[in-house]
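Structural description and commentary
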Amino acid sequence: MSRRAIDLLSVLSLGGITAGAIALLWWTQGEWWVASPSGKQWAWAIGGTAAYLVICLLSLLKFAGTRASTRNSDAGSSLEGEGATGFDVLVLYASQTGTAEELATETVEQLGRSGVMAELAGIEEPDEERWSRADVVLIVASTAGEGEPPDHAYDFAETSMSESRDLSSLRFGVLALGDREYDEYCAFGRQINRWLLDSGASPLFDMIEVDDRDEEAIERWETLVGERVLKREKVRDTVEIDRLGVGAPVMSMSGKLRDSVSL
Ligand SMILES: Cc1cc2nc3c(=O)[nH]c(=O)nc-3n(C[C@H](O)[C@H](O)[C@H](O)COP(=O)(O)O)c2cc1C
């Protein structure tokens, strides 16, 4: 179930409970019942309240953990901590009505489940230094208006994307959302893809275009992210090349692998 659907369900449940409580006020006519509850009733009430508070606390802790791993509002810092691999992945979105942001969030969660901590941000958030520090940038971008970028990405498209940058050490993937009903199909995603190629960045795979939430295209994206990003992260840490073939490592590389390991 998507995050939006869960939010909607929560709001509806809370609304239903509140409406029920208000309706009960009318149901109880006359004087309130004033007898003291029995010991057993007290025990149930206290036990129930304690269990409710524990569940709230656990949910809060889980929520805080999820936010820490998916939303680092300080785009200038990389994520560290348990499970962090040092492999720097940025997942950026450009979204007018939330679909691209939702898909980008799901991508971060997919990576997280495989032990890769990725940073989620709007495409306009990371500064130039942050872009150059990333190993991989995955971008989910929709097109709005008539081939226009979403509002929050407008300045980025106007300024940053008109500058030439050296992104030759960057690997990237683009998921372009659009609708074939429009003349300028997936225009902004295509524009980003072109800009990254012109800036010297290397595609992990060909840009994927999504026509009106086409599930097949989205699944292809998930598969390729799994195959290309996660596989790459696994080979990154230490590669030992035994050129002699006698079991003695001749060369050991650690750190960022770029063109030396092709996918
Ligand atoms: C007002 C409006 C204008 C759109 N313009 C285009 C367009 O020019 N080209 C295109 O391919 N898709 C266009 N779309 C389709 C969106 O890109 C597509 O629905 C996308 O999934 C929306 O993603 P978002 O919720 O992240 O903004 C438009 C959608 C709307 C509502």
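So, here's what we can say about the structure. Values in this document were obtained by computation on a predicted structure and should not be read as measured data.

Turning next to the nonpolar core. Of all hydrophobic cores here, the largest spans 28 residues; its most connected members are V89, V91, L111, L138 and V229. The element best represented in this core is helix 7 (residues 215–236), accounting for seven residues. Residues W131, I139, M161 and F188 belong to the second largest nonpolar core, which totals 23 residues.

Further remarks concern the pattern of salt bridges. Taken as a whole and assessed by the stated rule, the structure comprises seven salt bridges. Salt-bridge contacts for E129 lead to R133; the nearest nitrogen and oxygen are separated by 2.9 Å. Here R133 and E129 lie together in helix 4 (residues 128–133), a separation of four residues that amounts to about one turn. By relative accessible area, which is 42% here, E129 ends up partly exposed.

Our next topic: the pairing of strand 2 (residues 118–122). Side chains on a regular strand alternate between the two faces of the sheet. Among the five residues in strand 2, five count as buried, and that is most of the element. With burial as the criterion, each face of strand 2 is covered, one bearing A118, L120 and G122 and the other bearing E119 and A121. As paired strands, strand 1 (residues 89–94) and strand 2 are joined by five bridges and run parallel to one another. Directly across from L92, in strand 2, lies its bridge partner A121. After leaving strand 1, the chain enters helix 3 (residues 99–113) and then returns to the sheet as strand 2, a path that is right-handed.

Lining the immediate environment of the ligand, one finds 19 residues, of which S95, T97, T99, T143 and G145 sit closest. Here an oxygen atom of the ligand and a side-chain polar atom of S95 are 2.6 Å apart. Measuring from an oxygen atom of the ligand, one finds a backbone N or O atom of T143 at 2.6 Å. Mapped onto the shell around the ligand, the elements with two or more residues apiece are helix 3 and strand 4 (171–178). Of the residues in the shell around the ligand, the class split is six nonpolar, 10 polar and three charged.

Rules behind the numbers
Residues numbered from 1 in each chain as written. Predicted model: local features only at pLDDT ≥ 70, side-chain atom pairs only at ≥ 80, totals over all residues. Heavy atoms only, no water. Core = buried A, V, L, I, M, F, W, Y, C linked by side-chain atoms within 4.5 Å. Buried < 20%, exposed > 50% of the residue type's maximum accessible area, 1.4 Å probe, protein only. Helix = DSSP H or I, 4+ residues; strand = E, 2+ residues; numbered from the N terminus. Salt bridge = Lys/Arg side-chain N within 4 Å of Asp/Glu carboxyl O. Pairing = 2+ DSSP bridges. Right-handed = clockwise from strand over helix to strand, strands pointing away. Near = heavy atom within 4 Å. Polar contact = N/O pair within 3.5 Å; in protein donor to acceptor, adjacent residues only side chain to side chain. Nonpolar A, V, L, I, M, F, W, Y, C, P; charged D, E, K, R; others polar.

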